[in-house]
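One-letter residues, chain by chain:
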Amino acid sequence: FLNKLYRYNPIDFYGSRIETLNKLIEEMPLSIKFTVVKWVKTYSGFEEKECLGNVEVWANYGGTAPALNSYKNDRRLRELFSNSMQYQKLGVTDMNGELELNLVRKSLPKGFFFRPVGYNNNVKIGYMDVTEIMNQSEGDYNKRQFRMKMYTEE
């Protein structure tokens, strides 16, 4: 709202309030809770099954999203992670398929990789952009919840 006011009436009062709010927002923590579930094709279509535990969540701090071909299987994903310092492992989901991350709002990653471990390539590796996750997640400004559906071949 203040940005619109400043655009039509650029006075120092609005500018100083905008700066104060931006600094306040940068300092606020962001907590995201991921819940990872199986997404299975059945006779009636697709449906959610049980939760997926042991899914690694990696952050992409690079400038762009990687090409799908560079992470389509586990071997290529490990090569991608080993060749660059822009990827960081943030955590692993528990047996309920849940992982809670506390992030710094002013240095958010570009996106997240979801790497299932121990499923013999039956579960596809997933990647989502942060803006897409923020748009699809639920909750308030400080604490968001996101349900990740990972396609599995059963």
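The coordinates are above.
As the structure is a computational prediction, the values presented were derived from the model and not from experiment.

1. Notes on the sheet that holds strand β3 (residues 55-60)
Argument step 1. An order of β4-β3-β6-β7 is seen for the 4 strands of this open sheet, with the pairing classed as antiparallel. Both outer strands of the open sheet, β4 (87-92) and β7 (126-129), are each paired with one neighbouring strand and no more. Within this sheet the neighbouring strands show an average axis-to-axis angle of 25°, counted without direction.
Argument step 2. The sheet contact formed by strand β6 (residues 111-116) and β7 spans 4 bridges and is antiparallel. Looking at β7, one finds that F113 is bridged to Y127.
Argument step 3. Packing of helix α3 (residues 74-82) onto the sheet brings it into contact with β3, β4 and β6, and relative to β6 it is tilted by some 135°.

2. Concerning a nonpolar patch on the surface
Argument step 1. Taken together, the side chains of L21, L24, I25 and Y141 define a hydrophobic patch exposed on the protein surface, amounting to about 370 Å² of accessible area.
Argument step 2. Within the secondary structure, Y141 sits in the loop between β8 (138-139) and β9 (143-152).
Argument step 3. In this structure Y141 comes out as partly exposed when scored by relative accessible area, which is 44%.

3. Overview of the pattern of salt bridges
Argument step 1. Under the definition given, this model contains 12 salt bridges.
Argument step 2. For K33, the salt bridge identified is with E98, shortest N-O distance 3.6 Å. Of the two residues, K33 sits in strand β1 (residues 29-42) while E98 sits in strand β5 (residues 98-104), which places them 65 residues apart along the sequence.
Argument step 3. Using a relative accessible area of 23% as the deciding quantity, one classes K33 as partly exposed.
Argument step 4. Here R78 ties to D74 by a salt bridge, and the two come within 3.5 Å at their closest N and O atoms. Taken together, the residues R78 and D74, both in helix α3 and 4 residues apart, mark about one turn of the helix.

4. Some remarks on the side chain of N60
Argument step 1. Within the secondary structure layout, N60 lies in strand β3.
Argument step 2. Side-chain polar atoms of N60 contact the backbone oxygen of T64, separated by 3.2 Å.
Argument step 3. In terms of polar contacts, N60 uses its side chain to reach the side chain of Y127, at 3.1 Å.
Argument step 4. Not counting chain neighbours up to four residues away, the residues in contact with N60 comprise A65, P66, Q86, Y87, P109, K110, G111, F113 and Y127.

5. Comments concerning the packing of aromatic side chains
Argument step 1. This structure, assessed with the given rule, holds 13 aromatic pairs.
Argument step 2. Look at F34 and F146: their rings are 6.2 Å apart centre to centre, the planes differ by 85°, and that puts the pair in the edge-to-face class. Here F34, found in strand β1, pairs with F146, found in strand β9; they are 112 residues apart in sequence, far enough to count as distant. Each of the two residues, F34 as well as F146, counts as buried.
Argument step 3. Aromatic pair W39 and F46: ring centres 5.8 Å apart, planes at 5°, arrangement stacked.
Argument step 4. The exposure class of W39 is partly exposed, given its relative accessible area of 25%.
Argument step 5. Under the relative-accessibility criterion, F46 is labelled partly exposed at 45%.
Argument step 6. Lying over the aromatic face of Y141, R105 brings its terminal NZ or CZ to 4.1 Å of the ring centre.

6. Some words on the environment of Y127
Argument step 1. Among the structural elements, Y127 can be located in strand β7.
Argument step 2. Using a relative accessible area of 15% as the deciding quantity, one classes Y127 as buried.
Argument step 3. Between the alpha carbons of Y127 and A59 there is a distance of 9.6 Å; along the sequence they are 68 residues apart.

Calculation notes
- Residues numbered from 1 in each chain as written.
- Predicted model: local features only at pLDDT ≥ 70, side-chain atom pairs only at ≥ 80, totals over all residues.
- Heavy atoms only, no water.
- Pairing = 2+ DSSP bridges.
- Helix = DSSP H or I, 4+ residues; strand = E, 2+ residues; numbered from the N terminus.
- Axes fitted to C-alpha atoms, helices over the stretch in contact; angles between N-to-C directions.
- Contact = heavy atoms within 4.5 Å.
- Patch = residues over 30% accessible without salt bridge, like charges linked within 9 Å, V, L, I, M, F, W, Y side chains within 5 Å.
- Areas by Shrake-Rupley, 256 points an atom, 1.4 Å probe, with all protein chains shown as cover.
- Salt bridge = Lys/Arg side-chain N within 4 Å of Asp/Glu carboxyl O.
- Buried < 20%, exposed > 50% of the residue type's maximum accessible area, 1.4 Å probe, protein only.
- Polar contact = N/O pair within 3.5 Å; in protein donor to acceptor, adjacent residues only side chain to side chain.
- Phe/Tyr/Trp six-rings, centres within 6.5 Å; stacked < 30°, edge-to-face > 60°.
- Lys NZ or Arg CZ within 6 Å of the ring centre and 35° of its normal.

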